[in-house]
Each structure stands twice: as structure tokens, then as C-alpha cells.
Amino acid sequence: MAAPLILNVDDYDPGRYARTKILRQAGFEVREAASGTEALQLLAIQPDIVLLDINLPDVDGFEVCRRIKADPSTAGIFVLHLSASNIRDTDRVIGLNNGADSYLTEPIAPEVLVATVRALLRARGAEEALRRSNRGLREMSDLLSHDIRESLRGITVYTELLERSVADRLSAQEQEFLGHTLSCARKMGALIEGVLAYSRTVHGMAESVDVSATESVQSALVELDLMIRESGARIEVGPLPTVRANPTALTRVFSNLLSNGIKYRGTSAPVISIKAERAGNTCTFTIRDNGIGLAPEDHQKIFEPFKRLHGKDAAGVGLGLALCQRIIEAHGGSIWVESEIGKGSSFSFTIPAASGAPSSAAGSNAGAGVTGQA
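Predicted model only: the values in this text are computed from it and were never measured.

We now examine the overall build of the protein. Scanning the protein for helices and strands turns up 10 helices and 12 strands. Sorting the 374 residues of the protein into buried and exposed places 41% on the buried side. Of the contacts made within the protein by residues no fewer than 6 positions apart, 68% connect residues no fewer than 24 positions apart. As displayed, the protein offers around 19900 Å² of accessible surface, 53% of which is attributable to carbon and sulfur atoms.

This brings us to the pattern of salt bridges. This model, assessed by the stated rule, comprises 17 salt bridges. Across the pair Arg 16 and Glu 32 runs a salt bridge, and its minimum N-O distance is 3.1 Å. Remark: Glu 32 occurs in strand S2 (residues 29-33) and Arg 16 occurs in helix H1 (residues 13-25); sequence separation between them is 16 residues. Looking at Glu 32, the relative accessible area reads 29%, which means it is partly exposed. Asp 48 is the salt-bridge partner of Arg 124, the closest N and O atoms lying 3.3 Å from each other. In this pair, Arg 124 is assigned in helix H5 (residues 110-166) and Asp 48 in the loop between helix H2 (36-42) and strand S3 (49-53), connecting sequence segments 76 residues apart. Where salt bridges share partners, they join Asp 10, Arg 19 and Glu 106 into one cluster.

Now for the packing of helix H7 (residues 213-223) against helix H9 (residues 247-263). Packed helices, taken two at a time, are described by the angle their axes make and the gap between the axes. With their axes 8 Å apart at the nearest point, H7 and H9 run at an angle of 55 degrees to one another. Judged by the angle between their axes, H7 and H9 are oblique. The interaxial crossing formed by H7 with H9 has right-handed handedness. Side by side, H7 and H9 meet where Ala 213, Ser 216, Val 217, Ser 219, Ala 220, Leu 221 and Glu 223 of the first sit next to Pro 247, Leu 250, Thr 251, Arg 252, Phe 254, Ser 255 and Leu 258 of the second. Within the contact of H7 with H9, the residues separate by chemical class into 8 nonpolar, 4 polar and 2 charged.

One open sheet holds the 5 strands; their spatial order is S7-S9-S10-S12-S11, and the pairing between them is mixed. Looking at which strands have only one partner, the edges of the open sheet turn out to be strand S7 (234-237) and strand S11 (335-339). Pairs of neighbouring strands in the sheet enclose a mean axial angle of 15 degrees, with direction left out of account. Both S11 and strand S12 (residues 345-352) contribute to a ladder of 5 bridges, which runs antiparallel.

This part takes up the sheet that holds strand S5 (residues 102-105). Reading across from one edge, S2-S1-S3-S4-S5 is the order of the 5 strands in this open sheet, with parallel pairing throughout. One side of each edge strand has no neighbouring strand; the edge strands of this open sheet are S2 and S5. This sheet shows a mean twist of 20 degrees between the axes of neighbouring strands, independent of strand direction. Both strand S4 (residues 78-83) and S5 contribute to a ladder of 4 bridges, which runs parallel. Each residue of the ladder has a partner; that of Leu 80, found in S5, is Ser 102. Of the strands in this sheet, S3, S4 and S5 are in contact with helix H3 (residues 61-70), which crosses S4 at around 180 degrees. Running at roughly 150 degrees to S5, helix H4 (residues 89-97) makes contact with S4 and S5 of the sheet.

Here strand S1 (residues 5-9) pairs with S2 via 5 bridges, running parallel. In the strand pairing of S2, Val 9 is matched with Ala 33. Once the chain exits S1 it traverses H1 before rejoining the sheet at S2, and the crossover so formed is right-handed.

Below, the discussion takes up the pairing of S12. The buried fraction of S12 amounts to 7 of the 8 residues, a majority that puts the element mostly inside the structure. Connecting S11 to the antiparallel partner S12 that follows it, the hairpin turn spans 5 residues, and Gly 342 within it adopts a positive phi of roughly 80 degrees.

With that out of the way, let us pick up the nonpolar core. Within the largest apolar cluster, 39 residues are counted, with the highest numbers of intra-cluster contacts made by Ile 235, Phe 254, Ile 274, Phe 285 and Phe 349. Sort the elements by how many residues they give to this core and H9 lands first, with 7 residues. With residues up to four places along the chain from it excluded, the contact list for Ile 274 reads Val 217, Ile 235, Glu 236, Val 237, Gly 238, Leu 240, Phe 254, Leu 258, Thr 286 and Ile 287. Within the second largest apolar cluster, 16 residues are counted, among which are Leu 42, Leu 43, Val 59 and Ile 77.

The next thing to look at is the packing of aromatic side chains. All told, the structure shown has 4 aromatic pairs when counted by the stated rule. With a centroid separation of 5.6 Å and an interplanar angle of 75 degrees, the aromatic rings of Phe 254 and Phe 285 are classed as edge-to-face. Residue Phe 254 is located in helix H9, and its partner Phe 285 is located in strand S10 (residues 282-288); the two are separated by 31 residues in the primary sequence. With a centroid separation of 5.1 Å and 15 degrees between ring planes, the pair formed by Phe 285 and Phe 349 is classed as stacked. In this pair, Phe 285 is assigned in strand S10 and Phe 349 in strand S12, connecting sequence segments 64 residues apart. Through a chain of ring-to-ring contacts, three or more aromatic side chains come together here, namely Phe 254, Phe 285 and Phe 349.

Reading guide: rules and limits
Residues numbered from 1 in each chain as written. Predicted model: local features only at pLDDT ≥ 70, side-chain atom pairs only at ≥ 80, totals over all residues. Heavy atoms only, no water. Helix = DSSP H or I, 4+ residues; strand = E, 2+ residues; numbered from the N terminus. Buried < 20%, exposed > 50% of the residue type's maximum accessible area, 1.4 Å probe, protein only. Contact = heavy atoms within 4.5 Å. Areas by Shrake-Rupley, 256 points an atom, 1.4 Å probe, with all protein chains shown as cover. Salt bridge = Lys/Arg side-chain N within 4 Å of Asp/Glu carboxyl O. Axes fitted to C-alpha atoms, helices over the stretch in contact; angles between N-to-C directions. Parallel < 35°, antiparallel > 145°, perpendicular 65-115°, else oblique. Left-handed = near helix turned anticlockwise from the far one by under 90°. Nonpolar A, V, L, I, M, F, W, Y, C, P; charged D, E, K, R; others polar. Pairing = 2+ DSSP bridges. Right-handed = clockwise from strand over helix to strand, strands pointing away. Core = buried A, V, L, I, M, F, W, Y, C linked by side-chain atoms within 4.5 Å. Phe/Tyr/Trp six-rings, centres within 6.5 Å; stacked < 30°, edge-to-face > 60°.

This is how it looks when you write it as C-alpha cells:
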């Protein structure tokens, strides 16, 4: 079994040499870099851990770490910051918040350095084992779901054919039994599709990019066009910012929240507004509806998978809001609801803003066309 590979990055030759000697004596393979640029080039060797000094002559360690974590091909490499000058608590906070997995200040006892590297390697090993396990479970669930879906499709199709061919010869009770069979098969199909969508969206999100929230909302409106038309819903969209997110996942969040506002409407036609505010590096979106609302004790329950608070007759399988929560949390944000029975609901979520993006984008009254008001 190959020894773990450590990339030792430090522009101070004596310190780098001493650290390399300690690590090699402990059984690790070590490569060296004397600058941030050289370190980024050597990432091609896929080290297990990068020991990264903060003060480098070209690109500082904080920026090198950010680039490592921002690239999907290197994001899994563990980074251990080392510094003899950036020793304040605020420096540690900056380093760790920037993506570093640990932060040590010099002088560092050799046994502490080796123990810290070994601890990070254990964490990396556990993370990789969990990733392999999850990948295996996903492959198995995909295989099983394919077979179940095909069998269920056969049950549904042949039951429908049977209903058409013999319905006029069945008693009222027998027709009722056949209708229940079809209803159960269709609900099971919807459940399977919902679970697959949940799993694929959560585990299949690609790298986040700068994406216009206005375009994501427009994509969701196209997706929900028939539902909007049939319900007579009016969707009011304010100016929305550009954010850092996975475009497909963000559209799914807007689609689920909008469809909830339409689905759980009151006696009046749905009116749903989408607004956003940017504060620093965070954007907060609010989707407000005039629907039936929720009791305070249900505000947390609705984000649990398969939790359906409006009875079995309500459409859906209870995964929409759980999926929204998983997506938003995967982006480092949070989602919550404010609501009262009979007074509608207001769903809010936070998500990172695109760096250097303008604070807003045009988008007022988007969706008015679906109500016939051009």
C-alpha cells in the first residue's frame, strides 16, 4: 500500500526542509513547493494533504486554499494551514472559513504535526469510505427502482386495458375495486419518481456557478405553466440578484415553492410574490402566497421527508420541501417558513451571492402573461 502523499508548501527553505524530514521519518511521502503558483501546479499529483504556509511570495495561502476548494477536481484534498506570523484567532477563523481543514501556529512540536496529519488522513479515509458507500447505495437503488418502475408500469397499463375492455360487464363494486387498484398503482409510481428525483438532485448537483435568479424563476414558471393557467394564479416577481448556485437545483427550489403556493391555495385565486434582498455576500429570497397557511407547530415538520400535513388527498408525496431544504443547505444556506392558518405562508431562504454581481436584476411582474395580462 502506497504511503500517503503530503505536499509541503513553504517559501522558507530551512522550515520546509525540517518539516519534510519529520514527515518522511513518520512514513509519509512528501513533495515540496516554495510558492503558491508551484503548489497549484503540483496539485496534479493529487496529494492527500497540503501543508500550506500563509505568507508566500506570490499567492498567499488563503487564496491558494480557496482555489483548491473551488475546483471540483481538488476540493477533496485536505488543507492544513501553518503559520508563524498569522497566529491570531481572527487569522484562524479566516483560514477555516476559507476552506482549510485545520490550522496550526508555529513553533509546532514534531509529534503534534505528525498526529495532526494522521488525524486528517483518518478523516479523509472515513469521508472516502462514506462516499463509496453512498455511491454503491445509489447504484443499487437505481437498479432496483428501474425494475420496480417497469413492473409497476406493466401493472398500470394492463389494469387500464382491463378496465376499458370489461368495465361495462362489471358491477359497481367491482369497478370500484378496479379504480382503487389503478389509483394505488399511480400513487406508487408518483412516490418512486419523487424519491428518485430527490436522490438525484441531492447527490447529483454539479459545481455552483454564477446564475441569474430571474432566469431560474422564469424556467420554473415555464415548467409550471399548465398549473398556473388552470389555477388562475398571478405570480409577481421583483428584481432578483445573481447568485452562486447550481442552476438546475435553484430552479427546482423555485418550482417546488411556487407549486406549493398554488397547490395549497384558499378560496381565492393564488397570488404569489417573489422578492429578494442582498446583504454582503448573502441573498435572502422570500416567496409569499395567500394560501391556507400552516399552524406554528407545523413550521418545522413540513421540511421532513414524506411529511404531508394536508391529508392523503393532497397531491404529491411529501418530498418537495425536504428537497428544497437539502438543496439550500448544500449551498451553505438555510430555509424557513412564517405562516398562520388562513393567512398564507412566507417561505424564505438564503444563498450565497455571486461575487461582484450587481445587487439586482430586472424581473418585475414576470409571469403576468400566464394570467392573460400581457
